[in-house]
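# Geometric and topological summary
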Amino acid sequence: ETMEFYDECQNRDARLAQTIRTPGYERDGVPAAPNFNGYSYTGYQPIKYTLDDTKYDAGALNTNAIPLFRYAEVLLMYAEASTRATNSVNTQAIQAIQEIQKRAGYADSQLTTTTDPTAFTTAVSNERGWEFFAEMKRWFELVRLEKVSEVRAETWDGSLFQRNNHYYFPIPYQQIELTQWTNNAGY
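So, here is what we can say about the structure in this document.

What counts and what doesn't
Residues numbered from 1 in each chain as written. Predicted model: local features only at pLDDT ≥ 70, side-chain atom pairs only at ≥ 80, totals over all residues. Heavy atoms only, no water. 1 Å grid on protein atoms, 1.4 Å probe; cavity = no way out; pocket = protein on both sides within 12 Å on 5 of 7 lines; lining within 4 Å. Points joined across faces, edges and corners; volume = space filled by probe spheres on them. Helix = DSSP H or I, 4+ residues; strand = E, 2+ residues; numbered from the N terminus. Nonpolar A, V, L, I, M, F, W, Y, C, P; charged D, E, K, R; others polar. Buried < 20%, exposed > 50% of the residue type's maximum accessible area, 1.4 Å probe, protein only. Phe/Tyr/Trp six-rings, centres within 6.5 Å; stacked < 30°, edge-to-face > 60°. Lys NZ or Arg CZ within 6 Å of the ring centre and 35° of its normal. Contact = heavy atoms within 4.5 Å. Expected span 1.5 Å × (residues − 1). Core = buried A, V, L, I, M, F, W, Y, C linked by side-chain atoms within 4.5 Å.

### Description of the layout of surface pockets
Its volume calculated, the largest pocket comes out at about 240 Å³. Lining the largest pocket, in full, are Trp139, Phe140, Val143, Val148, Trp156, Leu160, Phe161, His166, Tyr167, Tyr168, Phe169 and Tyr187. Here the element with the most residues in the lining of the largest pocket is helix α5 (residues 138-144); it accounts for three residues. When the residues that make up the lining of the largest pocket are grouped by side-chain class, the tally is eleven nonpolar, one polar and no charged.

### With respect to unusual backbone geometry
Notably, Glu146 is not glycine yet its phi reads approximately 55°, a positive angle. Residue classification places Glu146 among the partly exposed positions, given a relative accessible area of 41%. Residues other than glycine seldom take positive phi values, yet Gln180 does so here, at roughly 65°. For Gln180, a relative accessible area of 64% puts it in the exposed group.

### Thoughts on the packing of aromatic side chains
Scanning the entire structure with this criterion turns up zero aromatic pairs. The side chain of Lys137 reaches across the aromatic face of Phe132, ending 5.1 Å from its centre.

### Remarks on the side chain of Ser82
In this fold, Ser82 is placed in helix α2 (residues 71-86). A relative accessible area of 11% places Ser82 in the buried class. Those residues in contact with Ser82 that sit more than four places away from it in its chain are Ser88, Asn90 and Ala93.

### Let's talk about empty space enclosed by the protein
By the definition in use, this model includes one cavity of 30 Å³ or more. In terms of lining, the largest cavity is formed by Ser125, Arg128, Gly129, Phe132, Lys137, Arg138 and Glu141. Sort the elements by how many residues they give to the lining of the largest cavity and helix α4 (residues 117-131) lands first, with three residues. Within the lining of the largest cavity, the residues separate by chemical class into one nonpolar, two polar and four charged.

### A look at α4
For α4, spanning 15 residues, the distance from its first C-alpha to its last is 20 Å, which sits close to the expected 21 Å at 1.5 Å a residue. In terms of burial, α4 is a largely internal element, eleven of the 15 residues being buried. Here α4 has its buried residues at Pro117, Phe120, Thr121, Ala123, Val124, Ser125, Glu127, Arg128, Gly129, Trp130 and Glu131.

### Re the environment of Gly186
Relative to the helices and strands, Gly186 is located in the segment after α9 (173-179). A relative accessible area of 48% places Gly186 in the partly exposed class. C-alpha of Gly186 to C-alpha of Tyr167: the two residues are 19 residues apart in sequence and 8.7 Å apart in space. Apart from the residues within four sequence positions on either side, Gly186 is in contact with Asn164, Asn165 and His166.

### Some words on the nonpolar core
A general tendency of soluble globular proteins is for nonpolar side chains to be buried together. Grouped together as the largest cluster of nonpolar side chains are 14 residues, with contacts concentrated most on Leu76, Ala79, Ile97, Phe120 and Val124. Of all elements in the fold, only α2, α3 (91-103) and α4 reach the threshold of two or more residues within this core. For this core, the element with the highest residue contribution is α3, accounting for five residues. In terms of nonpolar packing, the next biggest core, distinct from the first, is built from five residues, Leu142, Val143, Val148 and Tyr167 among them.

So, in structure tokens, the structure goes:
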């Protein structure tokens, strides 16, 4: 994720306060500890899965991001997959994304209501980015949709991936021999 994406999410919904610790961060009126393990804390830090906001050294899981698959991910998978499969937006897909948005505190005017498939899949992708911010999923979303060059041009331009036309990893040669697949472009 980038700070621009963070800024886009800021003031958007209720999830942000539970996602990122900023300088001067408090939760339930308790200020964050100013340092942990001797390191001063002055920047932004993911906090989705911390065990205790006042102690950074409470355990191995306290300051590590833990990737999980959650109900929100299933809803967004359904919304995207059903739209791509039929090239239309059905009522259940709209309900799926809106369930997440309502839980995040969106006003009714902010809820996704578009029935244009392209606009809807873009809305689902953006919602996935905000919902799973700091969960190490955004990069893989951008790669899967082949949008790294659009969204993260500074990372893509001049990179080894761009020079060699590598959007995907190579398919292991054992799988190619077994299945007679062709390898991904650039390999």
